Amino acid sequence: MKETSYLKGRDELIGQFRKIPSLHNFENRYLKEILSLSKIRKYEPGETIIEEGQSDRWMYVVISGEVRVLKGGEELSRLRMAGDVFGEMGVIDGQPRSATIEAATHTTCLAMDTSFMDHLSEEDRHPFHAMLYKLFSEILAVRLRDTGEELTRCRRELAKLRGETPPE
């Protein structure tokens, strides 16, 4: 992995990061906070970004490239779009990483040290958390829908293998 230093004071980047779908709703002052404890990280194909079972407070936004989501060594999905977010579950619940994330291609990410949220003023904390948790809700809703579709597909395949009528 290659990484920059923290992006504190790099206000010229705000316009570029505002173009990333997952960050476009944040006000400039919040983007400055996010950037102050963020780094740009570049990964080679096959390089591990997050290790299942480990704990940390980093959350990632894909800038370019593609990552594989692995659970117990088995690929569950891929994130391919600029703005795709991963690592958010550990931020939400403080639990160890539930999956391994590895670069499938040359990948560039915005890596955010979410400890910056502990340093927000009382005035900023609630509006920032509201925006962040709205983002998390949108991410999790999409993933829950995808999981439901995958579960339905698996149930149909299993029913066919058993010679049963697949559920509607």
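Just so it is clear, the structure is predicted and the values come from calculations on it, not from any experiment.

Remarks on the sheet that holds strand β5 (residues 67-71)
Now for step 1: A sheet is described by the order of its strands in space; here four strands give the open sequence β3-β8-β5-β6, paired in antiparallel fashion. Unpaired on one side and paired on the other, β3 (48-50) and β6 (74-79) mark the two borders of the sheet. Taking the axes of each pair of neighbouring strands and ignoring which way they run, one obtains an average angle of 35 degrees across the sheet.

A short note on the pairing of strand β8 (residues 100-103)
Now for step 1: Of the two faces of β8, the one carrying Thr-100 and Glu-102 and the one carrying Ile-101 and Ala-103 are both buried.
Now for step 2: In this sheet, β8 lies alongside β3 in antiparallel orientation, the contact comprising two bridges. Residue pairing in the sheet places Thr-48 in a bridge with Glu-102 of β8.
Now for step 3: The pairing of β5 with β8 spans four bridges and is antiparallel. Bridging from a neighbouring strand, Leu-70 pairs with Thr-100 of β8.

A word on the sheet that holds strand β2 (residues 38-43)
Now for step 1: If you walk across this open sheet you meet the five strands as β1-β2-β9-β4-β7, and the pairing is antiparallel. The open sheet has two free edges, formed respectively by β1 (2-3) and β7 (85-86), since each of these has just one partner strand.
Now for step 2: In terms of strand pairing, β2 meets strand β9 (residues 107-113) through six bridges, oriented antiparallel. Pairing of Lys-42 across the sheet is with Thr-108, part of β9.

Basis of the calculations
- Residues numbered from 1 in each chain as written.
- Predicted model: local features only at pLDDT ≥ 70, side-chain atom pairs only at ≥ 80, totals over all residues.
- Heavy atoms only, no water.
- Pairing = 2+ DSSP bridges.
- Helix = DSSP H or I, 4+ residues; strand = E, 2+ residues; numbered from the N terminus.
- Axes fitted to C-alpha atoms, helices over the stretch in contact; angles between N-to-C directions.
- Buried < 20%, exposed > 50% of the residue type's maximum accessible area, 1.4 Å probe, protein only.

Purely spatial values, then, with no claim about function.
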